[in-house]
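The residues making up each chain are set out below.
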Amino acid sequence: MGVMIPMPGRIMMGPEKDSAMNEFRLTQISDTHLARRLSRLTANFEHLSDYIDTTRPDLVVNTGDMTFDAPTSPDDLEFARSLHEALPVPFRCLPGNHDIGDNPTQAGPPPSHPVNEKDRQTYIATFGDDRWRFEAAGWCFIGLNSLVMNSGLVSEAEQFDWLASELASTRGKPVALFLHKPVFLNTPEDPELEASAIRYVPPSPRRRLLEMLRSVELRLVASGHVHQRRDYTYRGVRHVWAPSAGFIISDKRQERIALKETGLVEYRFTPDSVEIRHVRVPGMVDIDLDELLKTPAHAEEKAGG
Ligand SMILES: [Fe+2]
Ligand SMILES: [Fe+2]
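The sections below set out a description of the structure shown in this document. Please read these numbers as outputs of a predicted model, since none were measured by experiment. (Residues numbered from 1 in each chain as written. Chains lettered and ligands numbered in written order. Predicted model: local features only at pLDDT ≥ 70, side-chain atom pairs only at ≥ 80, totals over all residues. Heavy atoms only, no water.)

**A short note on the coordination of the iron ion (ligand 2)**
1) Next: Surrounding the iron ion (ligand 2) are the protein donor atoms D31 (OD), H33 (NE2), D65 (OD) and H227 (NE2), at 2.0 to 2.3 Å.
2) Next: On the primary sequence, the residues serving as donors to the iron ion (ligand 2) are separated as D-x1-H-x31-D-x161-H.
3) Next: Residue classification places H33 among the buried residues on the basis of a relative accessible area of 1%. (Donors = N, O, S within 2.8 Å, 3.2 Å for Na, K, Ca; no water. Buried < 20%, exposed > 50% of the residue type's maximum accessible area, 1.4 Å probe, protein only.)

**Comments concerning unusual backbone geometry**
1) Next: For H33, which is not glycine, the phi torsion reads 50° and is therefore positive.
2) Next: With respect to the helices, strands and loops of the structure, H33 is situated in the loop between β1 (24–29) and α1 (39–55).
3) Next: The backbone of D272 shows a phi angle near 75°, a positive value even though the residue is not glycine.
4) Next: Inspection of the secondary structure puts D272 in the loop between β11 (264–270) and β12 (273–279).
5) Next: According to the relative accessible area criterion, D272 is exposed, its value standing at 53%. (Helix = DSSP H or I, 4+ residues; strand = E, 2+ residues; numbered from the N terminus.)

**Quick look at the packing of helix α2 (residues 75–85) against helix α4 (residues 117–127)**
1) Next: One way to put it is that α2 packs onto α4 with a least axis distance of 10 Å and a crossing angle of 25°. Considered as vectors, α2 and α4 are oriented roughly parallel to each other. Along this stretch, α2 crosses α4, giving a crossing that reads as right-handed. Contacts between α2 and α4 pair L77, E78, A80 and R81 from the former with T122, A125, T126 and F127 from the latter.
2) Next: Its residues placed into classes, the contact of α2 with α4 shows four nonpolar, two polar and two charged. (Axes fitted to C-alpha atoms, helices over the stretch in contact; angles between N-to-C directions. Parallel < 35°, antiparallel > 145°, perpendicular 65-115°, else oblique. Left-handed = near helix turned anticlockwise from the far one by under 90°. Contact = heavy atoms within 4.5 Å. Nonpolar A, V, L, I, M, F, W, Y, C, P; charged D, E, K, R; others polar.)

Right, here's the structure in full:
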């Protein structure tokens, strides 16, 4: 059974791992978009679960959009949780816009379902804390809720205060940051454009976040949301966009920035280094969102990433 790890703390490793205490294997999954009524996505998750059963990482992290769309289908939360709890290893989650609603932007129209405290609390009751920090193999791992950024909610300010205190205690360890939305497209100075504003952390909290991170040894930023697999290095920081483990979005609906395929990302952390593998999961299908939306119940839904 998968064990949800809701509270910050060190990941415990069994005595059999004594010889590998300086290694931490993490598998990032993202954008599983589970819903009881969408059995093809459940099938993709089952392939993912089988693969994780054979590889047995120390931890699975889902970087958000566990649900197909919780704001309009609350049952998706319980369904997604039950599948995650059946994973054969411990897991942690972070919220996506389809789990708790989206953040407002300057350039784009207001989100159809803005993030709010009620949905955030429902999320926490279902998937555990929406932000976390733990240490393993000489690294400091930090997970953030990227949807409260630019929301003006109390929890946005609380999260930045919390982050400041967590960063103050990294003691020079390399830091790996996980969050749903990529922090930016190519550079921190990228302008917020109407067509892509929902895709990245909005400029104001982005500046604040990057300024805070300058005080630590940031090595990795791992995100999801875009449903495209990407891996690049900007000023010494590796930026990894995990693909969706559920579906891809056609070029008609979304510009192609990188690789459109389903799958996951494997990390092997050792003190002062990380190996990253981009993995296609045996049996997993590149379902196109358009095919999912042909289901009558989804005829009115739009692609949101
Ligand atoms: Fe998303
Ligand atoms: Fe998504």
